[in-house]
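Each chain is listed here by its residues.
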Amino acid sequence: MSTAAIGQLGRVARAWLLPALAMLACAAAFAQEVVADPPGRVARLSHIDGEVVMAPAGTGEWAEALLNRPLTTGDRLWTESGARAELQIGSAAAYLDERTSFGFVELDDDVMQMSLTEGTLTVRVRRLGEKETIQIETPNVAVALREPGEYHIE
């Protein structure tokens with residue numbers, strides 16, 4: 001191979017290599033920005049009695065709910081006739097009665113926003129953090145829990 005051919009090959013390689021490296025560097029920087037710390041608070045499915053199914057966030061497929069499974073934003077639960085479920089969520093607990101459709105709209109360190117579209121939910125709040133908000137959305141109303149206590153919503 002002649003010196004001119006080698007020089008031409010080097011120029012072609014640099015013409016492709018430098019933009020490719022720049023794109024990789026941009027992709028790595030973007031990936032670092034997108035990945036955020038996971039929330040310090042998740043829910044734990046602490047008790048199941050009867051048939052309880054769940055649909056993880058981003059899916060429409062329902063499967064048997066597993067005891068002690070962590071739940072977070074976008075996860076949904078359904079309790080069949082005669083079934084019950086209990087969730088531990090930091091200093092709060094949620095109790096789902098039979099034939100209840102429940103989901104987390106948002107769950108992170110400061111926000112617990114739940115959805116109750118059908119059925120009965122009892123929420124027991126032991127303490128509320130200074131910046132913490134707890135809200136339950138139903139088809140007809142949204143309920144904000146502003147102080148510790150036990151709340152029963154049908």
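As a reminder, the structure under discussion sits directly above these lines.
So, a few notes on the structure that sits alongside this text.

As for the overall build of the protein chain
If you tally the helices and strands in the protein chain, you get one helix and 13 strands. Counting every position in the protein chain, which comprises 154 residues, the buried fraction comes to 29%. Of all intrachain contacts in the protein chain linking residues separated by at least 6 positions in sequence, the fraction that spans at least 24 positions is 44%. Only carbon and sulfur atoms are counted for the fraction: they give 56% of the accessible area of the protein chain, which is about 9700 Å².

Focus on the sheet that holds strand E1 (residues 43–49)
The six strands lie next to each other as E4-E1-E6-E7-E10-E13, forming an open sheet whose pairing is antiparallel. Strands at the two margins of the open sheet, each flanked by one partner only, are strand E4 (70–71) and strand E13 (149–153).

Here's the deal with the environment of Gly82
You can see Gly82 is positioned in the loop between strand E5 (76–79) and strand E6 (84–89). Exposure remark for Gly82: the relative accessible area of 46% places this residue in the partly exposed category. Considering only alpha carbons, one finds Gly82 and Arg99, 17 residues apart in sequence, at a separation of 7.7 Å. Discounting chain neighbours no more than four positions away, the residues touching Gly82 are Asp49 and Glu98.

Regarding the pairing of E1
Direction of pairing for E1 relative to E4: antiparallel, over a ladder of two bridges. Each bridged residue has a counterpart across the sheet, and for Ala43 the counterpart in E4 is Leu71. Where E1 lies against E6, six bridges are found, and the strand directions are antiparallel. Across the sheet, residue Asp49 finds its bridge partner in E6, namely Arg84.

Examining the sheet that holds strand E11 (residues 133–137)
Pairing between the strands of a sheet is mediated by backbone hydrogen bonds and can be parallel or antiparallel. Strand order in the open sheet made by the seven strands is E3-E2-E5-E8-E9-E11-E12, with mixed pairing throughout. Pairing within the sheet leaves two strands with one partner each, and these edge strands are strand E3 (63–64) and strand E12 (142–145). Pairing of strand E9 (residues 111–118) with E11 involves five bridges; the strand directions are parallel. Following the sheet pairing, Met112 is matched in E11 by Ile134.

Digging into the side chain of Ser115
In this structure, Ser115 sits in strand E9. A residue is classified by how much of its surface remains accessible, and Ser115, at 17% relative accessible area, is buried. Those residues within four positions of Ser115 in sequence are excluded, and the remaining contacts are Ser101, Phe102, Gly103, Val105 and Glu137.

Thresholds, definitions, all that
Residues numbered from 1 in each chain as written. Predicted model: local features only at pLDDT ≥ 70, side-chain atom pairs only at ≥ 80, totals over all residues. Heavy atoms only, no water. Helix = DSSP H or I, 4+ residues; strand = E, 2+ residues; numbered from the N terminus. Buried < 20%, exposed > 50% of the residue type's maximum accessible area, 1.4 Å probe, protein only. Contact = heavy atoms within 4.5 Å. Areas by Shrake-Rupley, 256 points an atom, 1.4 Å probe, with all protein chains shown as cover. Pairing = 2+ DSSP bridges.

These results come straight from atomic positions and should not be treated as a statement about function.
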